[in-house]
Amino acid sequence: MKKVLYVSANPKPTELSYSKQVAETFMTTLTNENASLEVEAIELYDVDVQEIDGDVLSAWGKFASGEALTDVEAAKVATMNGMLEKFMEADMYVFATPMWNFFFPARMKMFLDSVLTAGKTFRYTEQGPVGLLENKQAIHIQGTGGIYTGTDLNFADAYLRQALAFVGVTEVTTLPVEGMNQFPDKIEEIVADAKAKAEALAKEVAGAVTV
């Protein structure tokens, strides 16, 4: 059995989030096409996501010296490690994010900060950093009010792709849901088109996460 990790980062309920609606179509089709998949879903606004703060930096310094962590430091590191373990255990990732002011929500960045961990998902070599994850793929479903595909303002998708490539996940497909604010009279058409593409994509990749 292969595992799919579905990560969404939007405090809105699904009925008010276009990226979540399209992601739901993708996930439903994916699991219908491949019933053997094990799916774990995380809404980053419903769980503890640890940012890199003073306690975390202090803990990392103590790891190098062998000094004992405080209870607070240990708890924060454990939260980050929990997210890291979920990520490492998965074979496929599905991300659903909105674009807010040219980037995805801060909690998504915090999640990726837990994932980018030296010695776990990448290592340093004399030639530079090398990703340690293999044979994994990702889908990014991104909702934007304007049209940003192919522009220099699509920082969120570009960053996610770079972060994933850094740890070895280079097979990434982006499915944009865009232009709802720019073309409010076409919202239903835009979302319906994105859902159709999500369904087709799910059918295409369903077999890619089998043994």
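Conventions and cut-offs
Residues numbered from 1 in each chain as written. Predicted model: local features only at pLDDT ≥ 70, side-chain atom pairs only at ≥ 80, totals over all residues. Heavy atoms only, no water. Helix = DSSP H or I, 4+ residues; strand = E, 2+ residues; numbered from the N terminus. Rg over C-alpha atoms; globule rule 2.2 N^0.38 Å. Contact = heavy atoms within 4.5 Å. Areas by Shrake-Rupley, 256 points an atom, 1.4 Å probe, with all protein chains shown as cover. Lys, Arg positive; Asp, Glu negative; His and termini not counted. Charge placed at Lys NZ, Arg CZ, Asp CG, Glu CD. Polar contact = N/O pair within 3.5 Å; in protein donor to acceptor, adjacent residues only side chain to side chain. Buried < 20%, exposed > 50% of the residue type's maximum accessible area, 1.4 Å probe, protein only. Right-handed = clockwise from strand over helix to strand, strands pointing away. Pairing = 2+ DSSP bridges. Core = buried A, V, L, I, M, F, W, Y, C linked by side-chain atoms within 4.5 Å. Axes fitted to C-alpha atoms, helices over the stretch in contact; angles between N-to-C directions. Parallel < 35°, antiparallel > 145°, perpendicular 65-115°, else oblique. Nonpolar A, V, L, I, M, F, W, Y, C, P; charged D, E, K, R; others polar. Phe/Tyr/Trp six-rings, centres within 6.5 Å; stacked < 30°, edge-to-face > 60°. Lys NZ or Arg CZ within 6 Å of the ring centre and 35° of its normal.

Trainee: Just checking my understanding: could you explain the overall build of the chain for this structure?
Mentor: Along the chain, the regular secondary structure elements total six helices and seven strands. The secondary structure elements of the chain, listed N-terminal to C-terminal, are β-α-β-α-α-β-α-β-β-β-α-β-α. Taking 2.2 N^0.38 as the reference for a compact globule, 211 residues should give roughly 17 Å; the C-alpha atoms of the chain span a radius of gyration of 18 Å, in line with that estimate. Taking the principal axes of the C-alpha coordinates as reference, the chain spans close to 60 × 40 × 35 Å. The long-range share in the chain, meaning contacts at least 24 apart out of those at least 6 apart in sequence, stands at 76%. Per element, the accessible surface of the chain, about 10,800 Å² overall, is 50% carbon and sulfur. The distance from the centre of the 17 positive side-chain charges to the centre of the 30 negative ones in the chain is 1 Å.

Trainee: Looking at this structure, I do not really get the side chain of threonine 144. What am I missing?
Mentor: Assignment of secondary structure puts threonine 144 in strand S6 (residues 137-144). At a separation of 2.7 Å, a polar atom in the side chain of threonine 144 contacts the main-chain carbonyl oxygen of glycine 146. If sequence neighbours within four positions are ignored, threonine 144 has contacts with Met99, Val177, Glu178, Gly179 and Met180.

Trainee: I'm lost on the pairing of strand S1 (residues 3-8) in this one. Help?
Mentor: Consecutive side chains along a regular strand alternate between the two faces of the sheet. Summarising burial for S1: six of the six residues are buried, a large majority. Residues of S1 alternate between two faces, with Lys3, Leu5 and Val7 on one and Val4, Tyr6 and Ser8 on the opposite face, all of them buried. A crossover connection joins S1 to the parallel strand S2 (residues 38-43) through helix H1 (residues 18-33); in handedness this β-α-β unit is right-handed. Bridge analysis of S1 against strand S3 (residues 92-98) gives five bridges, and the strand direction is parallel. Of the residues in S3, the one forming a bridge with valine 4 is methionine 92.

Trainee: Sorry if this is basic, but what is going on with the nonpolar core here?
Mentor: Nonpolar side chains in soluble globular proteins tend to be buried together. Ranked by internal contacts, the top residues of the largest apolar core, which has 26 residues, are Leu44, Phe87, Tyr93, Phe95 and Phe111. Where this core is concerned, the elements lending two or more residues are S1, helix H3 (71-89), S3, helix H4 (106-115) and helix H5 (155-166). When residues in this core are grouped by element, the largest group, five residues, is from H4. In contact with phenylalanine 111, other than residues within four places in its own chain, are Leu5, Val7, Leu44, Val49, Met83, Phe87 and Phe95. Formed by 23 residues, the second largest nonpolar core is a distinct cluster that contains Val22, Met92, Val94 and Ile141.

Trainee: Would you mind showing me how to read the packing of H3 against H4 here?
Mentor: A pair of packed helices is captured by two measures, namely the crossing angle of their axes and the spacing between those axes. Remark: H3 packs on H4, axes separated minimally by 8 Å, with the N-to-C direction vectors making an angle of 80 degrees. In terms of axis orientation, H3 runs roughly perpendicular to H4. On H4, the residues touching Met80, Met83, Leu84 and Phe87 of H3 are Phe111, Asp113, Ser114 and Val115. By residue class, the composition of the contact of H3 with H4 is six nonpolar, one polar and one charged.

Trainee: Would you mind showing me how to read the packing of aromatic side chains here?
Mentor: Aromatic rings considered in pairs are described by the distance between their centres and by the relative angle of their planes. Counted under the stated rule, the structure contains eleven aromatic pairs. Arranged with centres 4.0 Å apart and planes meeting at 5 degrees, the rings of phenylalanine 87 and tyrosine 93 form a pair that is stacked. Of the residues examined, tyrosine 93 reaches a relative accessible area of 0% and is grouped as buried. Ring centres of tyrosine 93 and phenylalanine 95 lie 6.2 Å apart, and the angle between their planes is 25 degrees; this geometry places the pair in the stacked category. Counting every residue linked through ring pairs, the aromatic cluster contains Phe87, Tyr93, Phe95 and Phe111. The lysine or arginine in question, lysine 186, covers the ring of phenylalanine 183, its NZ or CZ lying 5.5 Å from the ring centre.

This is a description of form; function is not addressed.
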